[in-house]
Amino acid sequence: MTDRSPVRVIYLGGLGRSGTTLLERLLGELPGVVALGEVVHLWERGVIAEELCGCGRPFPACPFWRQVGQRAFGGWTRGHAERVLTLRRRIDRTRRIARIDHPDLAEYARAYRSLYEAVGSAVVVDSSKHASLACCLVASGVDIRVVHVVRDPRAVAHSWGRLVPRPEDGRPMTRWGPARTALHWWAQNAALELLPGRGARVTRVRYEDLAAAPAATLKDLAERLELADPDLSFIEGHTAWLGPSHTASGNPMRFHVGRVELQRDDSWRSGLPGGDRRVVTALTWPLRARYGYVGVAA
């Protein structure tokens, strides 16, 4: 175990399409909090592939990330990014959560710690989602607070089945069938359930609660995360006003600036075929019930 990091990391965990990007954008509007996006994908998609930052510039051209890279590593290099990816393949695996120790764990976690500290903020948000990365960070002494974001698995399955174009190049984002989505939903949430036993501080938020009462849910979460006096003036009822962000990787919402309506998406109720719904319902028990998603009206 290394010394505790001076930066507090709010780590958003959960399966994609569960509302993590929305929550990250809202948290990023709080004073003293900087949202970084899915840092786990920054090395490949930002440094190597040079995809767009949330501000709309290519990653290498973004002044924010140029400064972070210079402070953390003396500048971004392909070689260093490839080294982090190699370490990730060795260490950052869900099957290792029960025993995450590895000879290269300190080096792997140091890359994240150095990046977080180079931001220059007391609190950063990393929406990497993966329980295994959270476990690596906890084991290496990073001051991390995990926010476990859950959403009705039937809604998640419906979302993963949609055709969504990537904002970078228009190509379709990855699509999964209902059975595959259900298995991933169960595996990722089950892995996050293990983190308290590994020493992580974990709090849970349901997407449905955030959509139903944005300000109240965010205020309660901020208090649980020990964020002092959160200013929620950017939320008016079910409307939020979002400023520019510098998030690395994630769904198209990370590029949105200005007004956004916070409305619960229940299109799965009419859009997810009955057979698919039954498959998801069967494969996600009993975690689905644990999170309060019981019956059609959940």
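Look up: the structure comes first, before these words.
Calculation criteria
Residues numbered from 1 in each chain as written. Predicted model: local features only at pLDDT ≥ 70, side-chain atom pairs only at ≥ 80, totals over all residues. Heavy atoms only, no water. 1 Å grid on protein atoms, 1.4 Å probe; cavity = no way out; pocket = protein on both sides within 12 Å on 5 of 7 lines; lining within 4 Å. Points joined across faces, edges and corners; volume = space filled by probe spheres on them. Helix = DSSP H or I, 4+ residues; strand = E, 2+ residues; numbered from the N terminus. Patch = residues over 30% accessible without salt bridge, like charges linked within 9 Å, V, L, I, M, F, W, Y side chains within 5 Å. Areas by Shrake-Rupley, 256 points an atom, 1.4 Å probe, with all protein chains shown as cover. Salt bridge = Lys/Arg side-chain N within 4 Å of Asp/Glu carboxyl O. Buried < 20%, exposed > 50% of the residue type's maximum accessible area, 1.4 Å probe, protein only. Polar contact = N/O pair within 3.5 Å; in protein donor to acceptor, adjacent residues only side chain to side chain. Contact = heavy atoms within 4.5 Å.

### Some points on the layout of surface pockets
Next, step 1: Estimates place the volume of the largest pocket at around 1300 Å³.
Next, step 2: Lining of the largest pocket is provided by 45 residues; of these, Gly16, Arg17, Trp160, Met173 and Asn251 occupy positions nearest its centre.
Next, step 3: Breaking the lining of the largest pocket down by element, the ones donating at least two residues are helix H1 (20-27), helix H2 (39-48), strand E3 (123-129), helix H7 (153-160), helix H8 (178-193), helix H9 (207-212) and strand E8 (258-261).
Next, step 4: Roughly 180 Å³ of internal volume is contained in the second largest pocket.
Next, step 5: For the second largest pocket, the full set of lining residues is Glu44, Leu85, Arg88, Arg89, Asp92, Arg93, Thr94, His130, Ser132 and Gln188.

### Here's the deal with a nonpolar patch on the surface
Next, step 1: Taken together, Leu183, Val279 and Leu283 make up a surface patch of nonpolar side chains, about 220 Å² in accessible area.
Next, step 2: Tracing the backbone through its elements, the reader meets Val279 in helix H12 (residues 274-283).
Next, step 3: On the basis of relative accessible area, Val279 is assigned to the partly exposed category, the value being 32%.

### Quick look at the side chain of Thr20
Next, step 1: Inspection of the secondary structure assignment puts Thr20 in helix H1.
Next, step 2: For Thr20, a relative accessible area of 2% corresponds to the buried category.
Next, step 3: Separated by 3.3 Å, the side chains of Thr20 and Lys129 make a polar contact.
Next, step 4: Dropping the residues within four chain positions of it, Thr20 is found in contact with Leu12, Gly13, Lys129 and Val149.

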